[in-house]
Each structure stands twice: as structure tokens, then as C-alpha cells.
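This is what each chain is made of:
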Amino acid sequence: MLMVLSAALIALLVPAPVQSLVPPQPITQPITQSDMGAPARMSKPPTRGRIVVRIPDAAPSIALPPVEGPRDPRRPLVVIDAGHGGHDPGAHNPALGIREKDLTLAIARAIREELLKTGRIRVALTRDDDRFLVLQERYGLARKLGASLFISIHADAAEHPGARGATVYTLSDVASDREAARLAARENRADILNGVDLSDKSNAVSSILIDLTQRETMESSTKFAELLHREAVSHFRFRNPHHRFASLIVLKSPDTPSVLFEAGYVSNDEDARWMATKDGRLQLAKGVAAAISMHFARASVGR
Ligand code: ZN
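Our subject in this report is the structure included herewith.

Each value, and the rule that gives it
- Residues numbered from 1 in each chain as written.
- Predicted model: local features only at pLDDT ≥ 70, side-chain atom pairs only at ≥ 80, totals over all residues.
- Heavy atoms only, no water.
- Helix = DSSP H or I, 4+ residues; strand = E, 2+ residues; numbered from the N terminus.
- Buried < 20%, exposed > 50% of the residue type's maximum accessible area, 1.4 Å probe, protein only.
- Contact = heavy atoms within 4.5 Å.
- Areas by Shrake-Rupley, 256 points an atom, 1.4 Å probe, with all protein chains shown as cover.
- Pairing = 2+ DSSP bridges.
- Axes fitted to C-alpha atoms, helices over the stretch in contact; angles between N-to-C directions.
- Donors = N, O, S within 2.8 Å, 3.2 Å for Na, K, Ca; no water.
- Core = buried A, V, L, I, M, F, W, Y, C linked by side-chain atoms within 4.5 Å.

Notes on the overall build of the chain
The helix and strand inventory of the chain stands at 10 helices and eight strands. By residue count, 47% of the 303 residues in the chain fall in the buried class. Taking as baseline every contact in the chain between residues at least 6 positions apart, the subset at least 24 positions apart corresponds to 82%. Of the roughly 14,800 Å² that the chain leaves accessible, carbon and sulfur atoms contribute 57%.

Some thoughts on the sheet that holds strand E5 (residues 149–154)
Spatially, six strands are ordered E4-E1-E5-E8-E6-E7 in an open sheet, and the strand pairing comes out mixed. Pairing within the sheet leaves two strands with one partner each, and these edge strands are strand E4 (122–125) and strand E7 (238–246). The sheet shows a mean angle of 20° between the axes of neighbouring strands, direction not considered. Those strands touched by helix H6 (residues 178–188) are E5, strand E6 (166–171), E7 and strand E8 (258–262), and its axis lies near 60° from that of E7.

Focus on the coordination of the zinc ion
Only His84 (NE2), Glu100 (OE), His154 (ND1), Asp156 (OD), Asp156 (OD) and Glu187 (OE) from the protein reach the zinc ion as donors, at distances of 2.1 to 2.7 Å. When the donor residues of the zinc ion are listed from N- to C-terminus, their spacing reads H-x15-E-x53-H-x1-D-x30-E. Of the two residues, His84 is situated in the loop between strand E1 (77–82) and strand E2 (92–93) and His154 in strand E5; the sequence distance between them amounts to 70 residues. Side by side, His84 and His154 carry an identical accessibility label, which is buried.

Quick word on the environment of Asn268
With respect to the helices and strands, Asn268 occurs in the loop between E8 and helix H9 (269–275). When the C-alpha positions of Asn268 and His92 are compared, they lie 9.9 Å apart, and in sequence the two are 176 residues distant. Not counting the four nearest positions on each side in its chain, Asn268 is found in contact with Asn93, Pro161, Gly162, Ala163 and Arg164.

Thoughts on the nonpolar core
Ile80, Leu115, Ile151, Phe261 and Ile292 are the most contacted members of the largest nonpolar core, which has 40 residues in total. Residue contacts for Ile80: discarding those within four places in its chain leaves Ala108, Ile111, Arg112, Leu115, Val123, Ala124, Leu125, Thr126, Ile151 and Ile153. Ranked by size, the runner-up nonpolar core spans 20 residues in total, among them Leu135, Leu145, Leu171 and Leu260.

The structure is reproduced here in C-alpha cells:
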């Protein structure tokens, strides 16, 4: 009896492998804070002799957004995330009265419209109104829906007002340049506005998630970033370099290829005016939709 008990105790006390603590989420349940907080609890590896129990936090569930497009669930699903929203306006251009959160929503809607025209791709928006979502909720929604691709739309302020054009960001622990590092620092702060300081958690998440799945996801994200430039460069201008890397929390889904698309700079008057026009957004949407169609066409033939 004692032997049996000891064996059972040893089984309990030996730390479980990291992967088993972050199970894939079923797509039918709403997101709760406990889902999003789970990886953070592993910032310190469980010590021998301590039993770690996940306790769900009391937090309101977030309803899943509607999925539009073909009803066939085998069709690929893109989740488009309009950056910022609600009490977080993002960057703004005071002279023109243009705010990033309004541009991102209008651009996200334009991309959705363009994708729905194909009749082959399903689309969901993380927000379709002026509401605030924390960063984990944004990619969490994509994971819950089983998205094949996640695109977070932004139109930030640049350090130099003359800076113009689009940039695609993918995830890396090491920022590709100072500007990318500044963007990550600024964007990752969005959660603090909601009273949730996740700066610690992001480090934990980044160290845990660098496993094989994450590497494959990052590779796929990088391929998409290059494809986006190739397919969209005839529709709108890009900055140089057009692809940068940064440790952005919103891109940290371990299993959904994800990019952050800076459509342009709200701090640049020409960019801001252009993005605020219907035609500007149509060009953005056409370029992004062409890249998404190509991405899925490649995936379907296994390339
Ligand atoms: Zn932004």
C-alpha cells in the first residue's frame, strides 16, 4: 500500500512536460482569462515537491465573432484583427483628426469585403465595432475559431514624420531594428491600458512557445509576409525594408501563422489621408486579399 502510494506521489510530484500544460484549445468554448493566463503560470518551472494547479480566474467570457463566407468548414479561415479600439485609440494625427483605431477597423472591413468576393475564403474580424480587446484575446479568438491565418492591422506613428508606406511584421524574440523594437514596446503596452500588465507574461510565453510548432508557424508567417509584399506591391507602396521582426504579443499564437500589417503611418499626412479614403482602403484590401488567396492556393497544393 505504501509502495503504491509512493509511486502515486512521485507521479504527482514530477513536473509534467511543458507541452502538456498548454493543451490545444477546443474551438467551441468561449475564451476566459484562464485560457489566456495559462502559459504565464509557467514562467517558473514547477519545482519538485510542489503541485501546480490551474485555477480559473473570474473573468467574463468573450463571445466568438461571426464567421462569414462559404459555409463549408473545410474552407480556410482568416481572422483579421483591427488594432486598438475602445479606450485605446492607438496613434493619431491631430492635425487631420484621424485616429489609428478608426483606420484599422475600416481597413479590416475592406479586406473582409474583398476576401468574401472570392467565395472561397472564410473571414472573421476580432472586432467589428469600437471595442477594446487585450492582445491575448485577439489571437486567442483566432485559435478558438481554428483560423489558418491571423492578420493584425495597424497604422502607427513613425519616429520620422516623413516615413511612409506599409511594413509587415512577423514574430521574433530579437527585433530586426530599433524601430521594430520601439513598435513592439508600444504595441505590447496596449494591455496596460486595460489594467493588465502582461510584460512579465510575454517573456514567459516567448520562452515556452519556441518549440517545433512555433518554429513551423513562424516559418509560415515569414513566407506569408514575403508573399504579401510580392502580391501587394503593385497596389500600394511599402517601406524599405518591407519585412521586419519584433517580439509582438499579438503574434504569439503558437499554431496560427500570424503577421502584423502596418498599412501605413497615421503620423504621415499623405499616408493618413490616403488610408482614410475609400479608394486607399480598396487598394490595401486588394493587395492583402491577393496575397491571402495565393497563400491558400499554395497551401492546397502542399507548397
Ligand atoms: Zn498600432
